[in-house]
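Structural overview
The lines below spell out each chain.
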Amino acid sequence: MKFSSSWAFACLAAQAAGAAISHSVNGFTFTEHPDPVKRDLLQKYVTWDDKSLFVNGERLMLFSGEIHPYRLPVPSLWIDVLQKVKALGFNCVSFYIDWALLEGKPGEYTAEGVFALEPFFDAAKEAGIYLLARPGPYINAEASGGGFPGWLQRVNGTLRTSDEAYLKATDKYVIPPKCRIGRTVSADMIN
């Protein structure tokens with residue numbers, strides 16, 4: 001389920017970027033970039049067939065655990081936890097990113113100290129484990145308000161809908177080029 005919901009997020013992101021080519025596989029619709037040259041560049045590292053993903057040409061079945069770095073705010077322990085996850089036979093860890101912890105005040109995004117994701121990414125590289133980012137904006141994860149910052153409650157709009165006021169409030173967090181979380185995550189993508 002986690003894998004499929006992440007793929008759904010990836011497909012929605014592709015659609016938002018103007019993608020137009022769609023394929024259905026086992027009930028899931030995958031949307032690709034309409035320009036073949038750009039599509040080839042995007043698919044240089046990660047591709048798929050009807051059975052699994054390929055990373056750099058190697059077939060990969062993802063077996064994923066779940067870790068929330070913000071729930072273990074001691075970066076020096078992340079490598080230990082990730083090594084234990086790998087020892088259990090997993091090759092991937094899915095993780096939520098809690099928007100409320102990163103943007104406590106509107107427009108004031110801070111991902112420093114225990115909220116910095118780069119040390120988590122470095123620990124995963126060292127452990128030899130893939131990461132599957134789940135940035136939200138709504139994360140559920142038994143987090144207060146689903147990971148929404150408290151100030152979002154003052155937005156005059158319906159949350160988790162296509163309401164214009166809600167979408168505008170999420171712009172700086174999720175929409176390129178202002179997308180702060182996207183820049184952080186994409187800096188450590190598979191390549």
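Residues numbered from 1 in each chain as written. Predicted model: local features only at pLDDT ≥ 70, side-chain atom pairs only at ≥ 80, totals over all residues. Heavy atoms only, no water.

As named in an unreviewed UniProt entry, the protein chain is Glycoside hydrolase 35 catalytic domain-containing protein, taken from Penicillium freii.

Looking at the pattern of salt bridges
Summed over all chains, the structure comprises four salt bridges. With a closest N to O distance of 2.9 Å, Asp49 and Arg59 form a salt bridge. Of this pair, Asp49 sits in the loop between strand S3 (46-48) and strand S4 (53-55) while Arg59 sits in strand S5 (residues 58-60), and the two are ten residues apart along the sequence. Residues Lys84 and Asp80 are paired through a salt bridge, measuring 3.0 Å at the closest nitrogen-oxygen approach. On the criterion of helical spacing, the pair formed by Lys84 and Asp80 is a turn pair, its members being four residues apart in helix H3 (residues 75-87). (Salt bridge = Lys/Arg side-chain N within 4 Å of Asp/Glu carboxyl O. Helix = DSSP H or I, 4+ residues; strand = E, 2+ residues; numbered from the N terminus.)

Considerations on the environment of Asp188
Looking at the secondary structure, you find Asp188 in the segment after helix H7 (180-186). It is 7.1 Å that separates the C-alpha atoms of Asp188 and Phe121, two residues lying 67 residues apart in sequence. Apart from the residues lying within four places of it in its own chain, the contact partners of Asp188 are Phe121 and Lys125. (Contact = heavy atoms within 4.5 Å.)

Topic: the nonpolar core
Leu82, Ile97, Phe120, Leu152 and Ile181 are the most contacted members of the largest nonpolar core, which has 28 residues in total. Elements with a contribution of two residues or more to this core: H3, strand S7 (92-96), helix H4 (99-102), helix H5 (118-127), helix H6 (164-174) and H7. At five residues, the largest contribution of residues to this core is made by H5. Setting aside residues no more than four positions away along its own chain, Phe120 makes contact with Ile67, Pro69, Trp78, Leu82, Val93, Phe95 and Leu131. By size, the runner-up hydrophobic cluster in this structure holds five residues, among which are Tyr96, Ile139, Ala141 and Ala143. (Core = buried A, V, L, I, M, F, W, Y, C linked by side-chain atoms within 4.5 Å. Buried < 20%, exposed > 50% of the residue type's maximum accessible area, 1.4 Å probe, protein only.)

A look at the sheet that holds S4
Read across the sheet, three strands follow the order S3-S4-S5 without closing on themselves; strand pairing throughout is antiparallel. Only two strands of the sheet have a single partner each, and these edge strands are S3 and S5. Averaged over neighbouring strand pairs, the angle between their axes works out to 35 degrees when direction is ignored. Across three bridges, S3 lies against S4 in antiparallel orientation. Within S4, the position partnered with Val46 by the bridge is Val55. (Pairing = 2+ DSSP bridges. Axes fitted to C-alpha atoms, helices over the stretch in contact; angles between N-to-C directions.)

What to know about unusual backbone geometry
Looking along the chain, the bond that leaves Gly136 and enters Pro137 is cis, with omega of 25 degrees. By secondary structure assignment, the location of Pro137 is in the loop between strand S8 (130-134) and H6. Residues other than glycine seldom take positive phi values, yet Asn56 does so here, at roughly 50 degrees. Here Asn56 lies in the loop between S4 and S5. Not every positive phi belongs to a glycine, and Arg160 is a case in point at roughly 60 degrees. Note that Arg160 resides in the loop between S8 and H6.

Remarks on the confidence of the model for the protein chain
For the protein chain, mean pLDDT is 81; residues scoring 70 or higher make up 77% of the total. Note that pLDDT drops below 50 for residues 1-20; the model gives that stretch 27 contacts with residues more than four away or on any other chain. (pLDDT = per-residue confidence, 0-100.)

A short note on the packing of aromatic side chains
According to the stated counting rule, one finds eight aromatic pairs in the structure shown. Considering the side-chain rings of Phe95 and Phe120, the 5.2 Å spacing of their centres and the 65 degrees angle between planes classify their relative orientation as edge-to-face. Taken as a pair, Phe95 in strand S7 and Phe120 in helix H5 lie far apart in primary sequence, 25 residues in all. On the accessibility criterion, Phe120 (0% relative accessible area) is buried. Arranged with centres 5.9 Å apart and planes meeting at 65 degrees, the rings of Phe148 and Tyr166 form a pair that is edge-to-face. In this pair, Phe148 is assigned in the loop between S8 and H6 and Tyr166 in helix H6, connecting sequence segments 18 residues apart. Look at Phe148 and you get buried, because its relative accessible area is 7%. Each residue in the set Trp99, Tyr138, Phe148, Trp151, Tyr166 and Tyr173 is aromatic and connected to the rest through ring pairs, giving one cluster. Directly above the ring of Tyr138 sits Arg160, whose terminal nitrogen or CZ lies 3.7 Å from the centroid. (Phe/Tyr/Trp six-rings, centres within 6.5 Å; stacked < 30°, edge-to-face > 60°. Lys NZ or Arg CZ within 6 Å of the ring centre and 35° of its normal.)

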